[in-house]
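What follows is the residue order along each chain.
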Amino acid sequence: MSIARRLITASGASEVTPFQFQLTVGAGQLYELPIVTVGGTQPKLQVSWGDGATSPLIESTTDIERFHTYSSGGTYTVSVIGSMPGFRVDNSSYKLLYTGIIDWGNIGIRSINFYGCSNITSIPNGAIGLSRVTQFSNTFRNTNITSIPSDLFSYSTSAVDFIDTFSFTKITSIPANLFDECTSVTSFSSTFNACTSLVSVPNELFRYNTQVINFSSTFRNNRALTNIPTFQYNPNVTVFLNIFNMSSATNGSASWGSVEPLWDREPEPLGTNAFNNCTGITNYASIPVNWK
């Protein structure tokens, strides 16, 4: 039985398709596949490094076969097949090698993180390969993506948090239905923090996220915003801390109209600095002092 066949059998999936990404390396570059366990589950995978070499079966996050040296410089497509519970780019030595995400595949990913991979400028459409991810913390933080596919989280019904998912990116807008299937989310803390190019937000972006309790710093320092969404569908929120805090600068000349009196909810949510320096709000004067 081939390694690929054994991987499919081991994963228990009816169809295993490869997770693929792009590396741009110099001659003699050592690279480490950043696999991690999730809930104690070890990987069982095989890697095609893109230069004609293929790894043996990798069954541990400490397996020496997770390393590969590229003899020639160039751009390579790496394909991972099998079962990979977690992928997290922690080693700063490798962050700038990543130049593209090609396909999410279907290999049982439960945790994925490209934090700080600033040479990544786009991400592929959503796929069933993201269906088991519960936490999208820091997934695209500090990358240089400029847009978000509208179906990115269409299969992510198990997601419970989007902490810093898109913070410090170059996105200019957000798809209206981005979180429609994510009905179990409890935290959008810093999800779009410091997205300084973000201009518009769909009014009903959070309409199906009724379980959310934390909107801390969700849109903090987004000074290019021309509108803000409604939170009428989120009755369980206890934290709006810093949600639109513009720190030491204002939100420019943008007029956001009149904002919802979130501070009138019972019990009153934590709203310290929620609208700090948001002088474009028409009812800014009526916002409680502790909320601005």
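How each quantity is defined
Residues numbered from 1 in each chain as written. Predicted model: local features only at pLDDT ≥ 70, side-chain atom pairs only at ≥ 80, totals over all residues. Heavy atoms only, no water. Helix = DSSP H or I, 4+ residues; strand = E, 2+ residues; numbered from the N terminus. Rg over C-alpha atoms; globule rule 2.2 N^0.38 Å. Buried < 20%, exposed > 50% of the residue type's maximum accessible area, 1.4 Å probe, protein only. Contact = heavy atoms within 4.5 Å. Lys, Arg positive; Asp, Glu negative; His and termini not counted. Charge placed at Lys NZ, Arg CZ, Asp CG, Glu CD. Salt bridge = Lys/Arg side-chain N within 4 Å of Asp/Glu carboxyl O. Pairing = 2+ DSSP bridges. Phe/Tyr/Trp six-rings, centres within 6.5 Å; stacked < 30°, edge-to-face > 60°. Lys NZ or Arg CZ within 6 Å of the ring centre and 35° of its normal.

## Comments concerning the overall build of the protein chain
Along the backbone of the protein chain there are 1 helix and 9 strands. Counting helices and strands in the order they occur from the N terminus, the protein chain gives α-β-β-β-β-β-β-β-β-β. The C-alpha radius of gyration computed for the protein chain amounts to 21 Å, which stays within 12% of the reference 19 Å derived for 292 residues, consistent with globular compactness. With respect to the principal axes defined by its C-alpha atoms, the protein chain has extents near 70 × 40 × 25 Å. Taking all 292 residues of the protein chain together, 49% fall into the buried category. Within the protein chain, contacts between residues at least 6 apart in sequence are counted, and of these 74% link residues at least 24 apart. Each charge class in the protein chain can be summarised by its mean position, and for the 15 positive and 18 negative side chains these summaries are 4 Å apart.

## Section: the pattern of salt bridges
Under the counting rule described, the total for this entry stands at 6 salt bridges. Between Glu59 and Lys44 there is a salt bridge, and its shortest N-O distance comes to 2.5 Å. With Glu59 in the loop between β4 (44–48) and β5 (67–70) and Lys44 in strand β4, this residue pair connects regions lying 15 residues apart in the sequence. Since its relative accessible area comes to 42%, Glu59 is described here as partly exposed. In this structure, Asp90 engages Arg88 in a salt bridge whose closest nitrogen and oxygen atoms are separated by 2.8 Å. Through salt bridges with shared partners, a single network forms among Asp180, Glu204 and Arg207.

## As for the sheet that holds strand β9 (residues 111–113)
An order of β3-β7-β9 is seen for the 3 strands of this open sheet, with the pairing classed as mixed. Of all strands in the sheet, those with a lone pairing partner are β3 (35–36) and β9, marking the two edges.

## With respect to unusual backbone geometry
In this chain, Glu266 is followed by Pro267 through a cis amide linkage whose omega measures -5 degrees. Phi at Asp164 takes a positive value of approximately 60 degrees, unusual for a residue other than glycine. Its location among the elements puts Asp164 in the segment after β9. The backbone of Ser217 sits at a positive phi, close to 60 degrees, despite the residue not being glycine. Relative to the elements of secondary structure, Ser217 occurs in the segment after β9.

## Overview of the packing of aromatic side chains
Going through the model one piece at a time under the given rule, you end up with 42 aromatic pairs. Judged by centre distance (5.5 Å) and plane angle (45 degrees), the rings of Phe19 and Phe21 are tilted. Here Phe19 matches Phe21 in class, with each residue buried. Ring geometry for Tyr31 against Trp49: centres 6.2 Å apart, planes inclined by 80 degrees, an arrangement best described as edge-to-face. Of the two residues, Tyr31 sits in strand β2 (residues 29–32) while Trp49 sits in the loop between β4 and β5, which places them 18 residues apart along the sequence. For the pair Tyr31 and Trp49, a shared accessibility class is recorded, and that class is buried. The lysine or arginine in question, Lys95, covers the ring of Tyr115, its NZ or CZ lying 5.4 Å from the ring centre. One cation-aromatic arrangement involves Lys292 over Tyr284; the distance from NZ or CZ to the ring centre is 4.4 Å.

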